[in-house]
Amino acid sequence: MSPPPGVHLSPQGATFVVRARDADAVTLCLFDGGREERLRMTGTGEWHVISVPGIRPGQAYGYRATGSWAPKAGHCFDDAKLLTDPYALALDRRYQFDPRLCVRGEDTAALVPKALVTALSPPVPHAPPRFSPCGLIYELNVRAFTHDHPDVPQGQRGTVASLAHPAIIAHLKKLRVAAIELMPITAWIDERHLPPLGLTNAWGYNPVTLMAPDPGLCPGGIGELRDTVAALHAEGIGVILDMVFNHTGESDALGPTLSMRGLDGRYYAREDDGTLINDTGTGNTLDFSQPIARELTLDTLRHFVTQAGIDGFRFDLAPVMARGPGFDPHAPIFAAIAGDPVLKDRILIAEPWDIGPSGYQLGHFPMTWLEWNDRYRDDVRRFWRGDPHMAGALATRMTGSDDIFVGPRSRGVSFLAAHDGFTLADMLAYEDRHNEANGENNRDGHGENFSWNNGAEGPSADEKVLARRAADARALLATLFATRGAIMLTAGDEFGRTQRGNNNAYAQDNAITWLDWAGRDRALEDYVAGLADFRAAHPALSDPDFLDHADWRGLDGRPMTPASWEAADTAGFELRPPGVHGLVVRVDRQARQCTLAAFPHSGPAGADIAVQDNTLSGPDRLP
């Protein structure tokens, strides 16, 4: 029986273990500066093992595999390719795309980052996640978030360590953030079409090495992440990692050979004729019907929990994890996570769609999972845009979407905007996407955004246009904070961040995505902080349990009727949650207001406040 995959240090040296079932041979490559030493590993079935005396932490290494060349059978062996260990815990540098990575027979030792032997720290003591099912999740891109923050030291900006800076923690606490959700921080590579355009992947959704923090975002490796998580935990703030287990940066059949492709074809799903399945839109799809893919996923999750204290995970294109090839709500990965002593209590969030057959699976993940609710995003936008027949849909979304989620409580993560799509401010300033900077002739990104520009496309100096946009932003944000269950805010939407109409800014590592802290709308930020305070003071608003009954009234104060819910022109309602006297949420589309009010004796001492977003109405509105 071989040790688990990866590198296992001992006082004598280290044992290297890698899977490559169909390889004729695997060679361990040790690097000392520019010198490469090659050591033949012992192969037994799928396992290749070698023990090397004298190995110490920091040793650079990689693998080369020899075997047949039959890509449609999953055999892409090419001993000219240096391969990164799929279980590598650290890299000496970032991945950088080079066309030679895609050329068979081209030696890539000078192009591929070297894995570094890493000594693990004692496990972080296991503790319940710092998050509740009704908390605020704050999604952020690590580099963009602090790249231009004036209070963060220059050398620390754009890194994981910057998230522990007192100024950042103060901002998170001001908003009462329950957990930050970090967009991918594990090592990734640019898509091959980006370098010729002078662009780079700024989001990280193109991973190669799943356990290794990207050296550009986290130069201190797992230790930097561990220290940052500990600092946030000390302030009561959880940390959720956005993980990409649906594909890798090795792309399609013409893509680079970097790691898994060159070692073991079982990692990737294929059609009957051997063609790579592309349920992700990126050229390949990990095959979760294979134990090798599930075990790598589980080992990766355990690594981040035990070594960094991570509270939970959001899974990009999560249906892939349950495909074999069709989506199975009882897929093995779900039972494996639920039965794992390290993982079973973590926060688990699905992005419940991919682009494969039957890829939209909102509401079909396990009862212990949360799910991104794009129906909430779309229906809330459509109501405030002015679409007819939307009052009932809005009420259903605000109360947890019991038409989607089975059970006694909502499992949705409700959001107005996310990293993918328009920002909140751009949703109110652009009717059409403006992705020209992406180099694809504005063809990329979502075409239907349920957005409206309030009378002018893009930036405007018209005070009436700006007033309308400000009013709508406040109404939308108040709607979000009045919603039951978990809610999510993308970093910067609380102070009016813009991406200049770009709704697919994945390749914009520049001022388009870097948050403008100096120019932020502080009045809007304070308003959102007030909403957060109100929500915290009145837990009846955020309780994830579905409402068995409530007092629903029209804007005229009369009880809502089936006819008024279904009418095309119903412009709002009042919600008075049960069991709490004096707590009212008033939604008034004509006045462009969502008011959260608590009248005397409705809450704890000092909590009798009201948050009213604006007074814009009547002739100042567009027809």
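Conventions used here
Residues numbered from 1 in each chain as written. Predicted model: local features only at pLDDT ≥ 70, side-chain atom pairs only at ≥ 80, totals over all residues. Heavy atoms only, no water. Helix = DSSP H or I, 4+ residues; strand = E, 2+ residues; numbered from the N terminus. Contact = heavy atoms within 4.5 Å. Phe/Tyr/Trp six-rings, centres within 6.5 Å; stacked < 30°, edge-to-face > 60°. Buried < 20%, exposed > 50% of the residue type's maximum accessible area, 1.4 Å probe, protein only. Lys NZ or Arg CZ within 6 Å of the ring centre and 35° of its normal. Polar contact = N/O pair within 3.5 Å; in protein donor to acceptor, adjacent residues only side chain to side chain. Pairing = 2+ DSSP bridges. Axes fitted to C-alpha atoms, helices over the stretch in contact; angles between N-to-C directions.

**A word on the environment of Leu555**
- Of note, Leu555 is situated in the loop between β21 (551–553) and α12 (562–566).
- The sequence separation of Leu555 and Phe16 amounts to 539 residues, and the corresponding C-alpha distance is 69 Å.
- For Leu555, the residues in contact, after removing those within four places along its chain, are Ala571, Gly572, Phe573, Arg586, Val587 and Asp588.

**As for the packing of aromatic side chains**
- Scanning the entire structure with this criterion turns up 21 aromatic pairs.
- Ring plane angle 45° and centroid distance 5.1 Å describe the contact between Trp372 and Phe415, whose orientation is recorded as tilted. Of this pair, Trp372 sits in strand β18 (residues 370–373) while Phe415 sits in strand β19 (residues 412–415), and the two are 43 residues apart along the sequence. Across the pair, exposure class does not vary: Trp372 and Phe415 are buried alike.
- Across from the ring centre of Trp372, 4.0 Å away, lies the NZ or CZ of Arg314, which sits over that ring.
- Residue placement shows Arg520 over the ring face of Phe495; its charged tip is 6.0 Å from the ring centre.

**Here's the deal with the environment of Gly283**
- By the element assignment, Gly283 lies in the loop between α4 (260–263) and α5 (291–308).
- Through-space distance from the C-alpha of Gly283 to that of Asp311 is 31 Å; in sequence the pair is 28 residues apart.
- Sequence-distant contacts of Gly283, that is, excluding residues within four places in its chain, are made with Ser251, Asp252, Leu276, Ile277 and Asn278.

**What to know about the side chain of Thr399**
- Among the secondary structure elements, Thr399 is positioned in the loop between α8 (391–398) and β19.
- Within polar-contact distance, the side chain of Thr399 engages the backbone oxygen of Thr396 at 3.3 Å.
- Contact partners of Thr399, with chain neighbours within four places excluded, come to Arg484, Phe546, Leu547, Trp552 and Leu575.

**Describing the sheet that holds β18**
- Taken together, the 8 strands give a closed barrel; going around it, the order is β11-β12-β15-β16-β17-β18-β19-β20, and neighbouring strands pair in parallel fashion. Direction aside, neighbouring strands of the sheet carry axes that sit 30° apart on average.
- Two strands pair when backbone bridges link them, and strand β12 (residues 179–182) and strand β15 (residues 238–243) are joined in this way by 4 bridges, in the parallel orientation. Counterpart to Ile180 in the pairing with β15 is Val239.
- Each of β11 (136–140), β19 and β20 (486–490) is contacted by helix α10 (residues 463–481), which is oriented at about 145° to β20, the strand it contacts most.

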